[in-house]
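# Descriptive structure summary
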Amino acid sequence: MSAERVAQLEYSEFQAAMLDEEKRRRKAAKIVAVLGHFLGRDKDVLAGLTVADIGCSAGFIADELAAAGARHTFGVDIDVPGLRKASQRFGERVEFVCADGTALPFPDGSIDVLVFNHIYEHVVDPDAIMAEMRRVLSDDGVLYLGLGNRLGVMEPHYKLPFLSYLPPALADRYVRLSGRADSYYERYRTRRGLRKMVRGLRVWDYTFPVLATPAAFAGNELFPGPVGRVAGGVLSRLPRPVLRALLPVVPTYLWVATKGDRRPAGPSLPRPPEPVRPL
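As recorded in an unreviewed UniProt entry, the protein chain goes by Methyltransferase domain-containing protein and comes from Streptosporangium vulgare.

Structure, rendered in structure tokens:
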């Protein structure tokens, strides 16, 4: 599969969502809140830390990471037009770097916090990028992962049900028939596949904590719209065994990963984060 795919250069030029500043900053607020809970910090969540947003595009999330107090913030991408826009607006407090995620330009163990938010499905070799992020992450560092699930019913980019379930050739035909694209580039993995992707890390699942207490995490991105709010409300009240049974089809996972035995340091939650069993 990797040999047949090429990198999505200039992604922000054809994916308007990357330039939706309001939406990107809402996503950033959720990311900062999750990191704050894991680190046990209420204010200046990233104070004193070196942070990198891998797949930063136009830089809105990286800018919010800098605003959360990071000592040094990097934005990394191969999206040159997006990086140009980002540097023009936010270059005074974020250092933007044009680099492939499979060859990050950082020394071993030099980054305290990495953000990899809804990127893996767009890249040629997500396993190689995960290996690079493990390399540059400090021994007590934290990696935030926003991960789409192949078995989520509604594909988020094209809003077509069951699109990600299909093999590539059928998915290409589906998006062409819909008139929304010439081909379907994204490649999602199931929860099992994602657990394999993070092998070697200790992972905490914040998906249901964010759903159960969205106000604490600026977490309305998981279930947007009126129908989504109803679905989120129902899921937030379901017993834990039922929730665990639903995990394979949850559309988005919010995971926090570390190299060592670090645990969430924030206050107790009605539905606390749970460890993800490694494969």
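### Observations regarding helix H2 (residues 21-39)
Taking 1.5 Å per residue as the helical rise, H2 with its 19 residues ought to reach 27 Å, and the 26 Å between its terminal C-alpha atoms agrees with that figure. Remark: Gly40 follows H2 within two positions and exhibits a positive phi of approximately 75 degrees.

### A look at the pattern of salt bridges
With the rule as written, the count across this model stands at 12 salt bridges. Measuring nitrogen to oxygen at the nearest pair gives 3.0 Å for the salt bridge that ties Asp63 to Arg25. Separated by 38 residues along the polypeptide, Asp63 in helix H3 (residues 60-67) and Arg25 in helix H2 bring together distant segments of the chain. For Asp63, a relative accessible area of 5% puts it in the buried group.

### A closer look at the pairing of strand S7 (residues 252-258)
Counted residue by residue, S7 has seven buried out of seven residues, so it is predominantly covered. What you see with S7 is no split at all: Thr252, Leu254, Val256 and Thr258 on one side and Tyr253, Trp255 and Ala257 on the other are buried throughout.

### So, the packing of H2 against H3
Where H2 meets H3, the axes come as close as 8 Å, and the angle between the chain directions of the two elements is 45 degrees. With respect to each other, H2 and H3 are oriented oblique. Judged by the sense of rotation from one axis to the other, the crossing of H2 with H3 is right-handed. On H3, the residues touching Glu21, Arg24, Arg25, Lys27, Ala28, Ile31 and Val32 of H2 are Phe60, Ile61, Asp63, Glu64 and Leu65. Of the residues assigned to the contact of H2 with H3, the class counts are six nonpolar, no polar and six charged.

### Some remarks on the pairing of strand S6 (residues 202-205)
For S6 and S7, the ladder comprises four bridges, and the chain directions are antiparallel. Following the sheet pairing, Asp205 is matched in S7 by Trp255. Note: S6 against strand S8 (residues 274-275), two bridges, orientation antiparallel. Within S8, the residue paired with Trp204 across the bridge is Pro275.

### So, empty space enclosed by the protein
For the coordinates displayed, the defined rule picks out one cavity of 30 Å³ or more. Quantified by volume, the largest cavity comes out at close to 40 Å³. Forming the boundary of the largest cavity are Arg195, Val198, Arg199, Leu201, Val203, Val276, Arg277 and Pro278. The residue makeup of the lining of the largest cavity, split by class, is five nonpolar, no polar and three charged.

Calculation notes
- Residues numbered from 1 in each chain as written.
- Predicted model: local features only at pLDDT ≥ 70, side-chain atom pairs only at ≥ 80, totals over all residues.
- Heavy atoms only, no water.
- Helix = DSSP H or I, 4+ residues; strand = E, 2+ residues; numbered from the N terminus.
- Expected span 1.5 Å × (residues − 1).
- Salt bridge = Lys/Arg side-chain N within 4 Å of Asp/Glu carboxyl O.
- Buried < 20%, exposed > 50% of the residue type's maximum accessible area, 1.4 Å probe, protein only.
- Axes fitted to C-alpha atoms, helices over the stretch in contact; angles between N-to-C directions.
- Parallel < 35°, antiparallel > 145°, perpendicular 65-115°, else oblique.
- Left-handed = near helix turned anticlockwise from the far one by under 90°.
- Contact = heavy atoms within 4.5 Å.
- Nonpolar A, V, L, I, M, F, W, Y, C, P; charged D, E, K, R; others polar.
- Pairing = 2+ DSSP bridges.
- 1 Å grid on protein atoms, 1.4 Å probe; cavity = no way out; pocket = protein on both sides within 12 Å on 5 of 7 lines; lining within 4 Å.
- Points joined across faces, edges and corners; volume = space filled by probe spheres on them.

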